[in-house]
Amino acid sequence: MDTLSKKQIEEELEQLDGWSFEDDTITKDFSFPDFKEAISFMVRVGFEAEALVHHPDWSNVYNSVSITLSTHDAGGKVTEKDIKLAKAIEEVYQ
Ligand SMILES: C[C@H](O)[C@H](O)[C@H]1CNC2=NC(N)=NC(=O)C2=N1
């Protein structure tokens with residue numbers, strides 16, 4: 001899987017609200033009213049990730065979920081798979 005250039009990533013992120021390019025990854029922090037909402041979001045994203053066979057690096061603290069995406073098989077760089085997963089995550093979030 002080809003890695004995307006900084007320019008390609010920045011162009012893609014123009015359509016991905018709140019996502020930023022940091023340390024060779026794309027990342028976003030999500031906030032919810034409570035833990036139940038946060039964990040529900042994670043379960044739904046988990047199913048999307050399984051369907052795409054591409055998985056987030058993430059952490060949860062009470063009502064917040066921090067997600068970092070990169071392609072491990074591409075040396076931890078950003079590929080089209082990460083953009084696809086970010087778009088699927090936004091669909092779940094909206
Ligand atoms: C065999 C399986 O397809 C791979 O291990 C997949 C699974 N999920 C993955 N997720 C992420 N983020 N990067 C990968 O390179 C990756 N590879």
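Residues numbered from 1 in each chain as written. Predicted model: local features only at pLDDT ≥ 70, side-chain atom pairs only at ≥ 80, totals over all residues. Heavy atoms only, no water.

Just so we agree on the cut-off: UniProt positions are given in the numbering used here, feature names are shortened, and annotations may be inferred rather than shown by experiment.
Labelled according to an unreviewed UniProt entry, the protein chain appears under the name Putative pterin-4-alpha-carbinolamine dehydratase, originating from Rhodohalobacter sulfatireducens. Reading the Catalytic activity (unreviewed entry) entry of the UniProt record for the protein chain gives the comment "(4aS,6R)-4a-hydroxy-L-erythro-5,6,7,8-tetrahydrobiopterin = (6R)-L-erythro-6,7-dihydrobiopterin + H2O".

**A short note on unusual backbone geometry**
Residues apart from glycine generally show negative phi values, whereas peptide bonds are mostly found in trans. Convention followed: Relative accessible area decides the class of each residue, using a 1.4 Å probe on protein chains only: under 20% of the type maximum gives buried, over 50% gives exposed, and in between gives partly exposed. Where helices and strands are cited, they refer to DSSP runs of H or I of at least four residues and of E of at least two residues respectively, numbered from the N terminus.
Look at D24: it is not a glycine, yet its phi comes out positive at around 70°. With relative accessibility at 35%, the residue D24 sits in the partly exposed group. Even without being a glycine, V53 presents a positive backbone phi close to 50°. Here V53 shows up in the loop between α2 (35-52) and β3 (57-61). With relative accessibility at 61%, the residue V53 sits in the exposed group.

**Focus on the site of the ligand**
Here is the rule we go by: We call a residue near a molecule or strand when any one of its heavy atoms sits within 4 Å of it. Pairs of N or O atoms within 3.5 Å make up the polar contacts considered here, provided that, within protein, one atom can donate a hydrogen while the other can accept it, and that residues adjacent in sequence are counted only when both atoms are side-chain atoms. Each accessible area value is a Shrake-Rupley result obtained with a 1.4 Å probe; residue values ignore everything except the protein chains displayed when judging cover. Residues were grouped as follows: Ala, Val, Leu, Ile, Met, Phe, Trp, Tyr, Cys and Pro as nonpolar; Asp, Glu, Lys and Arg as charged; and all remaining residues, including Gly, as polar.
Lining the immediate surroundings of the ligand are V53, H54, H55, S70, T71, H72 and D73. S70 places a polar main-chain atom, nitrogen or oxygen, 2.9 Å from a nitrogen atom of the ligand. One of the backbone N or O atoms of D73 is found 2.8 Å from an oxygen atom in the ligand. When the ligand sits alone it has 390 Å² of accessible area, and the protein chains cover 64% of it. In the shell around the ligand, the residues fall into one nonpolar, five polar and one charged.

**Topic: the environment of D57**
Mapped onto the fold, D57 is located in strand β3. There is a polar contact of 3.2 Å between the side chain of D57 and the side chain of H72.

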